[in-house]
Amino acid sequence: MKLCSIIGARPQFIKAAAVSREIAQQPNMKEIIVHTGQHFDANMSQIFFEQMQIPKPDYNLAINSLSHGAMTGRMIEKIEEVLLKEKPDWVMVYGDTNSTIAGSLAAKKLNIKVAHVEAGLRSYNRKMPEEINRILTDKISDLLLCPTDQAVKNLKDEGIGKHSLAKIVKCGDVMHDAALFYAKMARKPLIDLPANFILATVHRAENTDDPQRLNSIFKALEIVSNETPVVLPLHPRTRKIIVQQQIETRGLLLIDPVGYLEMIYLLQHCQLVMTDSGGLQKEAFFFRKPCVTLRDETEWVELVENGFNKVVGSNFDKIITEYKTMKNKKMNYDIDLYGNGTASENIITEILKL
Ligand code: UD1
Ligand code: UDP
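Treat the numbers as computed from the prediction; the structure is a model and nothing was measured. (Residues numbered from 1 in each chain as written. Chains lettered and ligands numbered in written order. Predicted model: local features only at pLDDT ≥ 70, side-chain atom pairs only at ≥ 80, totals over all residues. Heavy atoms only, no water.)

A. Expanded view of the sheet that holds strand β1 (residues 2–7). One open sheet holds the seven strands; their spatial order is β3-β2-β1-β4-β5-β6-β7, and the pairing between them is parallel. For this open sheet the edge positions go to β3 (59–60) and β7 (167–170), each flanked by a neighbour on one side alone. As defined by bridge partners, strand β2 (residues 30–35) adjoins β3 across two bridges and the pair is classed as parallel. What sits directly across from V34, in β3, is Y59. (Pairing = 2+ DSSP bridges. Helix = DSSP H or I, 4+ residues; strand = E, 2+ residues; numbered from the N terminus.)

So this is what it looks like as structure tokens:
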């Protein structure tokens, strides 16, 4: 069986690392990796392939830094060329980026089966580009690989699989597989790391592209940093905007994006996570740290329902209040929300069945 994995953004390299390792163990499976090029800085792409030993992509389409339409359109065109040449049995797409929707659309128009890893996630906020990408990808996928019960429920509520042969399966979360596998290899970043720090990240379009929201978040983080050091690996999108808009960041320890092994070290040693990242909300839980989410909603609702995560949006007062509450919150993390680290194995078993 020939399977073509389409990846392009940082979180997809991390998810694919877990699944590709599993594919490599299958004697009857051959993986072709297509990197769309969406993320391209060495510390947003290459470092993950090196640290996580992801096989070198067979194709790099070098498509990035464009508007949604231009980026997705060019990706579809180039992915189609690769698929026509390689003729895979399956295309595997991950998450909810422009690379995800481009990969699934290109494949389905060629009548190639699509497996969607991290299917069924919903924020129910259609202003998010990611929500559009995941709704459309789920609608046309043949195998919907869900990380959680909630994701399965979301798809069933939308009637997915009702009028097609699409199969919905709960497999667990591949990011949990990755966290478990790489935890022992954690690496201290080459910076002077303060004790008991907060690990923060900000990159979501709804925050970076709204000056009021971005200002409010950074003002709040500055106030927090008067009491507790804040370490913030900065996404290039956010760095550009902070410079353009001259946003004040004096009290914060801003660093360049780090590799996954350094990120794990930061997760292991921080006292609290404050983020608008999707993946990091779950990783906070994997590494038993409370999380304050700088968004108005989250797809990972089970974290909120169980008290591990507090969603605060960009409101200055809420951020400060919940930082104080969550920082000292002691919780029992012994609850199975994302499977037991065998999601990748479950995914490959499902594909081999069909
Ligand atoms: C994308 C995903 C988002 C995901 C995030 C993970 C979409 C619509 N968004 O957002 O869901 O959470 O990746 O990090 O697909 N840039 C660089 N160097 C890089 C990568 C990006 O300078 O290595 C710059 C680009 O030039 C662009 C900006 O960052 O100006 C945004 O990049 P883009 O890939 O469009 O979206 P992300 O914000 O990274
Ligand atoms: N991450 C990383 N280095 C960083 C910031 C994040 O390795 O400097 C990892 C993080 O641990 C998680 C993933 O990147 O595994 C999350 O990606 P991101 O926040 O860019 O995207 P999202 O999950 O929001 O789509």
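B. Structural view of the packing of aromatic side chains. Tallied over the entire structure, the rule returns eleven aromatic pairs. Ring centres of F13 and F48 lie 6.3 Å apart, and the angle between their planes is 35°; this geometry places the pair in the tilted category. Note that F13 is positioned in helix α1 (residues 10–24) and F48 in helix α2 (residues 46–51), a separation of 35 residues in sequence. Classification of F13 as buried rests on a relative accessible area of 0%. Taken together, the ring pairs connect F285, F286, W300, F308, Y333 and Y338 into an aromatic cluster. (Phe/Tyr/Trp six-rings, centres within 6.5 Å; stacked < 30°, edge-to-face > 60°. Buried < 20%, exposed > 50% of the residue type's maximum accessible area, 1.4 Å probe, protein only.)

C. Layout of the site of ligand 2. As a structural note, the neighbourhood of ligand 2 is formed by 18 residues, with R204, V258, S277, G278 and E283 the closest of them. Residue R204 places a side-chain N or O atom 2.6 Å away from an oxygen atom belonging to ligand 2. Contact with the protein chains removes 95% of the 540 Å² of surface that ligand 2 exposes when unbound. Contributions of two or more residues to the shell around ligand 2 are made by α1, α11 (260–269) and α12 (278–286). Partitioned by chemical class, the residues of the shell around ligand 2 number ten nonpolar, five polar and three charged. (Near = heavy atom within 4 Å. Polar contact = N/O pair within 3.5 Å; in protein donor to acceptor, adjacent residues only side chain to side chain. Areas by Shrake-Rupley, 256 points an atom, 1.4 Å probe, with all protein chains shown as cover. Nonpolar A, V, L, I, M, F, W, Y, C, P; charged D, E, K, R; others polar.)

D. Highlighting the environment of Y59. By the element assignment, Y59 lies in strand β3. Spatially, the C-alpha atoms of Y59 and V202 are 30 Å apart, while their sequence positions differ by 143 residues. Sequence-distant contacts of Y59, that is, excluding residues within four places in its chain, are made with I32, I33, V34, H35, V82, K85 and E86. Here the side chain of Y59 touches K85 through a polar contact of 3.1 Å, side chain to side chain. (Contact = heavy atoms within 4.5 Å.)

E. Focus on the nonpolar core. Judged by nonpolar contacts, the single largest core of 68 residues is most densely connected at M92, Y260, I347 and I351. For this core, the leading source of residues is α1, giving seven residues. Not counting residues within four places of it along the chain, the set of residues in contact with M92 comprises L3, C4, S5, I6, V19, I23, A115, V117, I347 and I351. Listed in part, the 25 residues of the second largest apolar core include L221, L234, V312 and Y323. (Core = buried A, V, L, I, M, F, W, Y, C linked by side-chain atoms within 4.5 Å.)

F. Highlighting helix α6 (residues 149–157). Those residues of α6 not exposed but buried are A151, V152, N154 and L155. Across the axial projection of α6, the buried residues extend over an arc of 160°, all falling on one side. Of the exposed residues in α6, those oriented more than 90 degrees away from the buried face are D149, K156 and D157. Here the buried face of α6 lies against α5 (129–140), β6 (143–146) and β7. The first or second residue beyond α6 is G159, which carries a positive phi of 75°. (Arc of directions from axis to C-beta.)

G. Spatial organisation of the sheet that holds strand β13 (residues 309–311). Taking strand neighbours across the sheet as the criterion, the six strands line up as β10-β9-β8-β11-β12-β13 in an open arrangement whose pairing is parallel. Of all the strands in the sheet, just β10 (253–255) and β13 have a single pairing partner and so form its edges. On average, adjacent strands in this sheet sit at an angle of 20° to one another, irrespective of strand direction. Sheet topology note: the strand β11 (residues 272–275)/strand β12 (residues 291–293) ladder contains three bridges and is parallel. Its bridge partner being in β12, T275 is matched across the sheet by T293. Packing against the sheet, α12 makes contact with β8 (198–201), β11, β12 and β13, and its axis sits at approximately 170° to β11. (Axes fitted to C-alpha atoms, helices over the stretch in contact; angles between N-to-C directions.)

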